[in-house]
Each structure stands twice: as C-alpha cells, then as structure tokens.
Amino acid sequence: MAWFRRVARPGDTDQVVHTIDGGVDGDVDFETRRVLPECVSLACLSGKGGVGKTTTAINLGASLAELGLTVLAVDCDPQSNLTSGLAVDAYRVNPTVGDVLQGRCTVMDAVVETRWDNLWLLPASPDLSAVEQGLAVSLGREQILRDAMQRDRVHDRFDVVIYDTPPNFGFHTVNVLAATRWVLVPLQMSGFALRGLKELLRVTNLAAERLNPQLEVLGVVPTFVNLRTRLSRDMLPALCDISGVSVFPVHVPYTVRLQESSLVGVPINDLAPTGPAAEAYRRLATEVLAAVDAASADGRARA
Ligand SMILES: Nc1ncnc2c1ncn2[C@@H]1O[C@H](COP(=O)(O)OP(=O)(O)OP(=O)(O)O)[C@@H](O)[C@H]1O
Ligand SMILES: [Mg+2]
C-alpha cells in the first residue's frame, strides 16, 4: 500500500520533501513536505486532569494542519484520548507508541494517517500504562522517546510534532519533556488552576537542567473561558501577572461543541468550523507560530 500526501500551499515551491518508509512490514510510503525551516515540537502539559490538554493537542494540531503544515500528533497518555479523538480505535490500533518505547518498532512504523489532510498520529493504547514496569531498570529510561524520534529523523519529516501527556509528571510526561522543545500549558479557568502552575514550572525547570537544556515554556492557554462569569473575568488578568510565563491572547471558550467533538472523534474545525472554539484554536495556531518565531529570533540575537 502506498499513499502520498501533498501540502497544498500555493507559492511554497522550495519545501523540503521527504518520502517516508514506514508501516509494520515496511510497505507504506508517504511523502511529507516540511514548510517551516525547522520543526516545532510542542507538548501540552499540566499536572491537573481535565483541563483541555488533549482537546488542545487535537485542535491546535488540526488548525496547524489546516494551515498547510505537516503535523504529527503523538499520544503519550495511556488514556489514549488523543488517539480516539482523532477517530482511531485505541483498542485495535497496532503498533503504538508503547511498542516504540519497548523497542519493538520504530516511530515511523507506528505512525498512521488520520482522516484529515496533513495530520498524522503516533497512537497510544491503554497498554501504555504497563510499559514502564515492563522496561528493565536501565539508564536513560527518560530519553527513550527522544532517542526513537531522533533515530527516525521525525523532526526532519514534519513541520510540527505535538505531544499529549497524562495528568501527572510520571514516566511518560518526563519522556515527553526530554523530547520536546516547547511546553504549552492549557489552564482551565477554575479556582485551583493557578496552584498547579507553580509545580509545573518547577518540573519543567528541573527537566531543562537535567534532561533537555532547550526545553522552555512557550505559554499558557486559557481554556474553559466563560467571560460571563466573574471567575473567568478576574482570572485572566491575574494569569497575565504571573512573572516569567507568557499567556496567549486567545481564550478557548467553554462550549459543549468541544465535548461533542471529543465524543465523536472529529476536530472542532471540522465539526463546527465557524464556531467560536474553532476560531480560538485557529487563532492559537497563528499565535503559537508567531511566538516560536519571536523566541527563535530572540535566541539568534542573543547568540
Ligand atoms: N473549552 C472547553 N469547553 C467545554 N468542554 C471542554 C473544553 N475543553 C475540553 N472540554 C471537555 O472537557 C473534557 C476534558 O478535556 P480534555 O480531555 O481535553 O482534558 P485533559 O486535560 O486532556 O484531561 P486528562 O488530564 O484526563 O487527559 C473533555 O470531555 C473535553 O471534551
Ligand atoms: Mg488528556
């Protein structure tokens, strides 16, 4: 079987073109075009559950893909919600990221196409929860994912790699922190939201010191925003006052349409393309690219 994907972006003539050999039996070829000069890798992270990490990974990923960028969504959560949220059956898909971590296959062996143009998935299954115990106690366990991504030159093949993480700072999250360049923090507008942020920054700084010197928090994404409530109205400016962390000027609104979209496994820009949630995630996509651009220019100026 072979399939070919082309990024339809008029005027982009000098992209890097890659043909990818993959598939369990090595018989799947597909072609991606990298439009960006460098791959942007992002992890949706929060120690808290149910704050919109997976929803952000899916819909930011889909919005970046809609812009014509080749996007790989990587599911690193045993709950496998990113996988089912992109209409892939987590109980049947094989191989998965768990097989990659156990050295049974390469990343590109496990990557599958989704129903949406330019959007690929490295799926997870619930078995992922047992992977850590199955690994021999060995040095470098935190870097297994990063090494696997590097071996397959995944960052050369995609414009964007977006990781979804579980709601804790355990083995899978630490592997993502070793592999990613940027951290995005979806922050639910609720009373306890700010409490977890301090711990997240501590863990991220620790990971940057010990595992991945390039790691940085790109910004906080306010989620579940309902400007009719005083809580959302009061929390947004309070968030912006937290020193050292940028807050994206995008409010992902509280909307039942996002719940429906995760239920049916369709990104919001397909389910309700003109609604406020799709608009918010599209805006987030351009803001994220601009923030990465600005940070890279800043880094070059300092070098
Ligand atoms: N802005 C929103 N408005 C309303 N519902 C939302 C919004 N964002 C996410 N949801 C819903 O809230 C639930 C939790 O969202 P999601 O799964 O993205 O959170 P999570 O942080 O990934 O959770 P977990 O920590 O369990 O992985 C889902 O049912 C999702 O559809
Ligand atoms: Mg999740």
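The structure we're discussing is the one just above.
Novice: Tell me about the overall build of the chain, residues and numbers included.
Specialist: Scanning the chain from terminus to terminus reveals 13 helices and 9 strands. Taking contacts inside the chain between residues at least 6 apart in sequence as the whole, the part at least 24 apart equals 76%.

Novice: So what's going on with the sheet that holds strand β7 (residues 160–164)? Residues and values would help.
Specialist: If you trace the 7 strands from one edge of the open sheet to the other, you get β5-β6-β4-β7-β3-β8-β9, paired in mixed fashion. Only two strands of the sheet have a single partner each, and these edge strands are β5 (112–113) and β9 (216–223). The sheet strands contacting helix α13 (residues 276–302) are β3 (40–44), β8 (182–188) and β9, and the helix crosses β9 at an angle near 160°.

Novice: Please provide a residue-by-residue account of the site of ligand 1, values included.
Specialist: Taken together, 19 residues form the shell around ligand 1, and within it Gly49, Lys53, Thr54, Thr55 and Pro167 come nearest. Those elements giving two or more residues to the shell around ligand 1 turn out to be α1 (53–66) and α11 (256–264).

Novice: With reference to specific residues and values, describe the environment of Ser262.
Specialist: Within the secondary structure layout, Ser262 lies in helix α11. Residue Ser262 is classed as partly exposed on the basis of its 19 C-beta neighbours within 10 Å. If we ignore the near neighbours within four places in the chain, the residues touching Ser262 are Thr55 and Gly85.

Novice: Account for the pairing of strand β6 (residues 119–122), naming residues and giving values.
Specialist: Covered by surrounding structure in β6 are Leu119 and Leu121 together with Trp120 and Leu122, the residues of both alternating faces. Summarising the sheet, strand β4 (residues 71–75) and β6 pair through 4 bridges and their orientation is parallel. Across the sheet, residue Ala73 finds its bridge partner in β6, namely Leu121. Summarising the sheet, β5 and β6 pair through 2 bridges and their orientation is antiparallel. Residue pairing across strands places Glu113 opposite Trp120, the latter belonging to β6. Where β5 folds back on β6, the antiparallel hairpin that results is connected by 5 residues, among which Asn118 adopts a positive phi of roughly 70°.

Novice: How would you explain the packing of α1 against α13 if you had to name every residue and give the values?
Specialist: The N-to-C vectors of α1 and α13 enclose an angle of 70°; their axes lie 8 Å apart at closest approach. Put simply, α1 runs roughly perpendicular to α13. Of the residues in α13, those in contact with Asn59, Leu60, Ser63 and Leu64 of α1 are Tyr281, Arg282, Leu284, Ala285 and Val288. The class makeup of the residues in the contact of α1 with α13 is 6 nonpolar, 2 polar and 1 charged.

Conventions adopted
Every chain is numbered on its own, with residues counted from 1 as its sequence reads. Labels are handed out in written order, letters beginning with A for the chains and numbers beginning with 1 for the ligands. Only residues with pLDDT of 70 or above have their local features reported here, since the model is predicted, and side-chain atom pairs are shown and tallied only from 80 upward, although totals for entire chains, interfaces and linings are computed over all residues. Secondary structure elements are defined from DSSP: runs of H or I of at least 4 residues count as helices, runs of E of at least 2 residues count as strands, and each element is numbered from the N terminus. The contact rule is simple: place each C-beta atom from the backbone, and if two of them lie within 7 Å, those residues are in contact. Strands were regarded as paired on the criterion that DSSP finds at least two bridges between them. With axes taken as lines fitted to C-alpha atoms, and helix axes fitted only over the stretch in contact, angles between N-to-C directions fall between 0 and 180 degrees. Nearness between a residue and a molecule or strand is assessed with a C-beta atom placed from the backbone; a distance within 6 Å qualifies. Backbone-placed C-beta atoms define the burial measure: a residue is buried with 20 or more other C-beta atoms within 10 Å of its own, exposed with 12 or fewer, and partly exposed in between. These descriptions rest on fixed angle ranges, namely under 35 degrees for roughly parallel, over 145 for roughly antiparallel, 65 to 115 for roughly perpendicular, and the rest for oblique. By the convention adopted, Pro, Cys, Tyr, Trp, Phe, Met, Ile, Leu, Val and Ala count as nonpolar, Lys, Arg, Asp and Glu as charged, and the other residues, Gly among them, as polar.

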